[in-house]
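Okay, here's what each chain looks like letter by letter:
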Amino acid sequence: MKKLPLPTPVTALSPRRPSRAEAEEAVRTLIAWSGDNPARPGLEKTPQRVADAFGEYFKGYKEDALAELAQTFEEPTGYNEMVLLKDIAFESHCEHHIAPFFGTAHVAYLPSERIIGLSKIARVVDIFARRLQTQEGLTDQIAAALEAGLRAKGVAVMLSARHHCMAARGVQQRGVATVTFRFLGEFARDAALRDRFMAVIRD
């Protein structure tokens, strides 16, 4: 299986970042387009609140996943088995409707002489989740960053999430979970290793 390309650098995504005032005005426009009065009590401060919320929802655009993975540690015992983090909670927003989707990530890697602090793996998931995403793209980006940043012999990523854009609009299916996978390196080549990964996350 070919290696995945790393995500486009954040600096290349937006040629000009609008000002805070422009962002708040855009919210007022959407409120008015929806049929309400952005100047009425209860809504007059909503543009500021939405801008603040967007800054939190999408702070991943200001963060570098590969920088998080830059500090690794030599493993003196020579440990070379799977390292797996289960049930990493995440929340993201779909790039089609800017509606939230949320769930859990299960991430594993096979060390190549060096290991990473476990919290850094959760940070990588969070960095990519806090951008406009598809679940498929989010899965690929997490896997690609871990493979490149850790020079791992193999990476496995599974995401299970529920999408508000599917629950609250369109087909309005509230109980549907979407599951995505990406296997790289030894996990792509070794079916028994994939089976071990799947068995542990289902345990």
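See the structure printed just above.
To start, this report covers the structure provided alongside it. (Residues numbered from 1 in each chain as written. Predicted model: local features only at pLDDT ≥ 70, side-chain atom pairs only at ≥ 80, totals over all residues. Heavy atoms only, no water.)

A separate point is helix H5 (residues 135-150). The terminal C-alpha atoms of H5, which comprises 16 residues, lie 23 Å apart, in line with the 22 Å expected from a rise of 1.5 Å per residue. Burial of H5 is extensive: 13 of the 16 residues sit out of reach of the surface. Count one or two residues on from H5 and you reach Arg 151, which has phi positive near 50°. (Helix = DSSP H or I, 4+ residues; strand = E, 2+ residues; numbered from the N terminus. Expected span 1.5 Å × (residues − 1). Buried < 20%, exposed > 50% of the residue type's maximum accessible area, 1.4 Å probe, protein only.)

This paragraph deals with the sheet that holds strand S5 (residues 132-133). Here we have 5 strands laid out as an open sheet, ordered S5-S2-S3-S6-S7, and mixed in their pairing. A strand with exactly one partner marks an edge of an open sheet, and here the two such strands are S5 and strand S7 (178-185). Alignment of strand S6 (residues 154-163) against S7, held across 8 bridges, turns out to be antiparallel. Residue Met 158 lies in a different strand from S7, and its bridge partner there is Phe 181. Against the sheet, helix H4 (residues 118-129) engages strand S2 (83-94), strand S3 (100-110) and S5, with an angle of about 20° to S2. (Pairing = 2+ DSSP bridges. Contact = heavy atoms within 4.5 Å. Axes fitted to C-alpha atoms, helices over the stretch in contact; angles between N-to-C directions.)

What the rule picks out here adds up to 7 aromatic pairs. Relative to Phe 197, the ring of Phe 183 lies with its centre 6.0 Å away and its plane at 90°, an arrangement referred to as edge-to-face. Of this pair, Phe 183 sits in strand S7 while Phe 197 sits in helix H8 (residues 191-202), placing them 14 residues apart in sequence. As far as the burial class goes, Phe 183 and Phe 197 line up, both buried. (Phe/Tyr/Trp six-rings, centres within 6.5 Å; stacked < 30°, edge-to-face > 60°.)

All told, the structure shown has 13 salt bridges when counted by the stated rule. For Glu 24, the salt bridge goes to Arg 28, with nearest N and O atoms at 3.9 Å. Here Arg 28 and Glu 24 lie together in helix H1 (residues 20-34), a separation of 4 residues that amounts to about one turn. Since its relative accessible area comes to 13%, Glu 24 is described here as buried. Glu 25 is the salt-bridge partner of Arg 28, the closest N and O atoms lying 3.2 Å from each other. Of this pair, Arg 28 and Glu 25 both sit in helix H1, 3 residues apart, which is roughly one turn of that helix. Among the ionic contacts, a cluster of salt bridges with common partners joins Glu 63, Glu 68, Lys 120, Arg 123, Asp 126 and Arg 130. (Salt bridge = Lys/Arg side-chain N within 4 Å of Asp/Glu carboxyl O.)

Bringing the packing of H4 against H5 into the picture now. Contact geometry of H4 with H5 gives a least axis separation of 10 Å together with a crossing angle of 140°. Between H4 and H5, the crossing angle belongs to the class labelled oblique. Where H4 crosses over H5, the two elements pack in a sense that is right-handed. Residues Ile 121, Val 124, Val 125, Phe 128 and Ala 129 of H4 touch H5, and the partners they reach there are Leu 138, Gln 141, Ile 142, Ala 145 and Leu 146. Of the residues assigned to the contact of H4 with H5, the class counts are 9 nonpolar, 1 polar and no charged. (Parallel < 35°, antiparallel > 145°, perpendicular 65-115°, else oblique. Left-handed = near helix turned anticlockwise from the far one by under 90°. Nonpolar A, V, L, I, M, F, W, Y, C, P; charged D, E, K, R; others polar.)

Now for H1. For H1, with 15 residues, the first-to-last C-alpha span of 21 Å sits near the 21 Å given by 1.5 Å per residue. Within H1 the residues assigned to the buried category are Glu 24, Val 27 and Ile 31. Within H1, the buried residues cover an arc of 55° as seen down the axis, which keeps them to one side. Of the exposed residues in H1, those oriented more than 90 degrees away from the buried face are Leu 30 and Trp 33. For H1, the elements touching its buried residues are helix H2 (46-57). Positive backbone phi, approximately 115°, marks Gly 35, located one or two places after H1. (Arc of directions from axis to C-beta.)

The next point concerns the nonpolar core. In a soluble, globular protein the nonpolar side chains are often hidden away together inside. Ranked by size, the top nonpolar core spans 32 residues in total, and within it Phe 90, Val 107 and Ile 142 carry the most contacts. For this core, the secondary-structure elements that each account for two or more residues are S2, S3, H4, H5 and S6. Residues within four places of Val 107 in sequence aside, it is in contact with Val 83, Leu 84, Leu 85, Ile 88, Ile 121, Val 125, Ile 142, Leu 146, Ala 156 and Val 157. Met 82, Ala 108, Leu 110 and Phe 183 belong to the second-largest nonpolar core, a separate cluster that totals 11 residues. (Core = buried A, V, L, I, M, F, W, Y, C linked by side-chain atoms within 4.5 Å.)

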